[in-house]
Amino acid sequence: NAGVTQTPKFRVLKTGQSMTLLCAQDMNHEYMYWYRQDPGMGLRLIHYSVGEGTTAKGEVPDGYNVSRLKKQNFLLGLESAAPSQTSVYFCASSSLELHNQPQHFGDGTRLSIL
Amino acid sequence: GQQVMQIPQYQHVQEGEDFTTYCNSSTTLSNIQWYKQRPGGHPVFLIQLVKSGEVKKQKRLTFQFGEAKKNSSLHITATQTTDVGTYFCAGAVNNAGNMLTFGGGTRLMVKP
């Protein structure tokens, strides 16, 4: 099993450009998440999904959109990239169980906006 | 909203010394999880604590959950160079989606 796979691993964008980050998981998890990680600030939740076809806003959703058309995929879109969105983006997934389950993370996407 | 604070932000230790990181939540938690992130890597789940006052051990690592379920700590005995990384606590309240609020992390550096 590959677990959680993120593509691309690195990307440089110019201000105003758009792009989509792809997350795929092969663990049949119901829940998926997108985080951004900035130095000294830990991981902040951007958007999350509790199942196919559903999405919800996290702590820092502005400037991002998401879609979960298939259970195994969770896409993060930047419509008009801004330098403040330079960050490392992590996707994670977890299973639907009675108590909180561990989140499994991908390797991350390092995104620079010039 | 819920906030999770973690101290210290950085810790340098000599190999063999002990290390502790502390985590405090602004709200009562249903459970707390701990993750480790190696330099250049991604967070990896270490453990989950659910019960008030719970203590769990993993070899040289000891995890505690406070009686009020608002604080937690991770203690490493006799650090090794393999312990290098950033340790995050992540608090959960009863919510749909298993959402976690992460602390800012403690970066551990170990001098050989």
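So, how was this worked out
Residues numbered from 1 in each chain as written. Chains lettered and ligands numbered in written order. Predicted model: local features only at pLDDT ≥ 70, side-chain atom pairs only at ≥ 80, totals over all residues. Heavy atoms only, no water. Helix = DSSP H or I, 4+ residues; strand = E, 2+ residues; numbered from the N terminus. Contact = heavy atoms within 4.5 Å. Polar contact = N/O pair within 3.5 Å; in protein donor to acceptor, adjacent residues only side chain to side chain. Pairing = 2+ DSSP bridges. Phe/Tyr/Trp six-rings, centres within 6.5 Å; stacked < 30°, edge-to-face > 60°. Buried < 20%, exposed > 50% of the residue type's maximum accessible area, 1.4 Å probe, protein only.

A. Layout of the environment of Lys69 of chain B. All names here are of chain B. Summarising the element assignment, Lys69 is placed in the loop between strand E7 (61–65) and strand E8 (71–76). The spacing of Lys69 and Glu54 is 15 residues in sequence and 9.4 Å in space, taken between C-alpha atoms. Setting aside chain neighbours within four positions, we find Lys69 in contact with Thr27, Thr28, Leu29, Ser30, Val50 and Ser52. A polar contact of 3.2 Å, which involves the side chain of Lys69, links it to the backbone oxygen of Ser30. A distance of 2.8 Å separates a polar side-chain atom of Lys69 from the backbone oxygen of Val50.

B. Focus on the pairing of strand E5 (residues 44–49) of chain B. Residues and elements named next belong to chain B. Taken together, the five bridges between strand E4 (residues 31–37) and E5 define a ladder with antiparallel strand orientation. Its bridge partner being in E5, Tyr35 is matched across the sheet by Phe45. In sequence, E4 turns back onto E5 through a hairpin of six residues, with Gly40 there showing a positive phi of about 80 degrees.

C. Seen up close, the packing of aromatic side chains. Residue and element names in this part refer to chain B. A complete count under the given rule lists twelve aromatic pairs over all chains for this structure. When the ring of Trp34 is compared with that of Phe63, the centres are 6.4 Å apart and the planes differ by 55 degrees; the resulting orientation is tilted. In this pair, Trp34 sits in strand E4 while Phe63 sits in strand E7, placing the two residues 29 residues apart along the sequence. With 6.3 Å between their ring centres and 80 degrees between their planes, Phe88 and Phe102 make a pair best called edge-to-face. Taken together, the residues span a long stretch of sequence, with Phe88 in strand E9 (residues 85–92) and Phe102 in strand E10 (residues 101–102) at a distance of 14 residues. Under the relative-accessibility criterion, Phe88 is labelled buried at 2%. A relative accessible area of 6% places Phe102 in the buried class.

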